[in-house]
Every structure is written in C-alpha cells, then in structure tokens.
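# Fold and geometry: a report
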Amino acid sequence: LASHVPQLPQAGAAFIPCCGPGQELPPVARLLGPERPVIGVDLAPGMIEIAQKRAVECGEKVSAVVGDARQPPAGPHCAV
C-alpha cells in the first residue's frame, strides 16, 4: 500500500470500495495523515458495522458507509 501513496492525488478523500470490515481504513488513514478523509464503502451492513468501529479509532476524518462502490460518494476522491 505504501508504494502506491505517491501516486495518489494530493487532495480529496481516499475512497475504499468494497471495504468489508475496514481492515484497510487504519493503514490508509495513517499514510494519508489526519487532514485527508478516508471513506470505506460496502454493500453489507454487517461489514460496515465492524468497519465503523475501526473508523472511529482512526479519527473524525475516517468513515464507513453502506453503499454501492459503483456509485461513489460525491466529491473529489481517489479510489484506493
């Protein structure tokens, strides 16, 4: 993951499609820093419930929502 960070845009949220239980949320949040939002999306409410617990541990800029990865949240973001 760290090898891909230089390729990410310098602004906007990191969008993690099909995030499941959110295992990627903490490392992506650490790599991007506290100012960059990180949004995990998954279709399964049970997975998002677990991911939301991880998101809370990462800070206020990290979230996990139930949704379809084919319809990302609005706003500038890059897929991770």
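Everything here concerns the structure above.
Everything in this summary refers to the structure shown in the same document. (Residues numbered from 1 in each chain as written. Predicted model: local features only at pLDDT ≥ 70, side-chain atom pairs only at ≥ 80, totals over all residues. Heavy atoms only, no water.)

## Some remarks on the state of the cysteines
Throughout the structure, instances matching the rule amount to zero disulfides. A disulfide-free cysteine, C19 has its sulfur positioned 8.3 Å from the sulfur of C18, the nearest such atom. Judged by its relative accessible area of 3%, C19 falls in the buried class. (Disulfide = S-S within 2.5 Å. Buried < 20%, exposed > 50% of the residue type's maximum accessible area, 1.4 Å probe, protein only.)

## Things to note about helix 1 (residues 25-32)
Every buried residue of helix 1 is listed here: L25, P26, V28, A29 and L32. What you see down the axis of helix 1 is that its buried residues fit within an arc of 165°, all on one side. Buried residues along helix 1 sit against strand 1 (13-17), strand 2 (38-42), helix 2 (45-58) and strand 3 (62-66). One or two steps after helix 1, the chain reaches G33, where phi turns positive at roughly 95°. (Helix = DSSP H or I, 4+ residues; strand = E, 2+ residues; numbered from the N terminus. Arc of directions from axis to C-beta. Contact = heavy atoms within 4.5 Å.)

## Looking at the side chain of D42
Mapped onto the secondary structure, D42 falls in strand 2. There is a polar contact of 3.4 Å between the side chain of D42 and the backbone nitrogen of C19. Among residues more than four places away in sequence, those in contact with D42 are C18, C19, G20, M47, I48, V65, V66 and G67. (Polar contact = N/O pair within 3.5 Å; in protein donor to acceptor, adjacent residues only side chain to side chain.)

These figures come from the coordinates and say nothing about function on their own.
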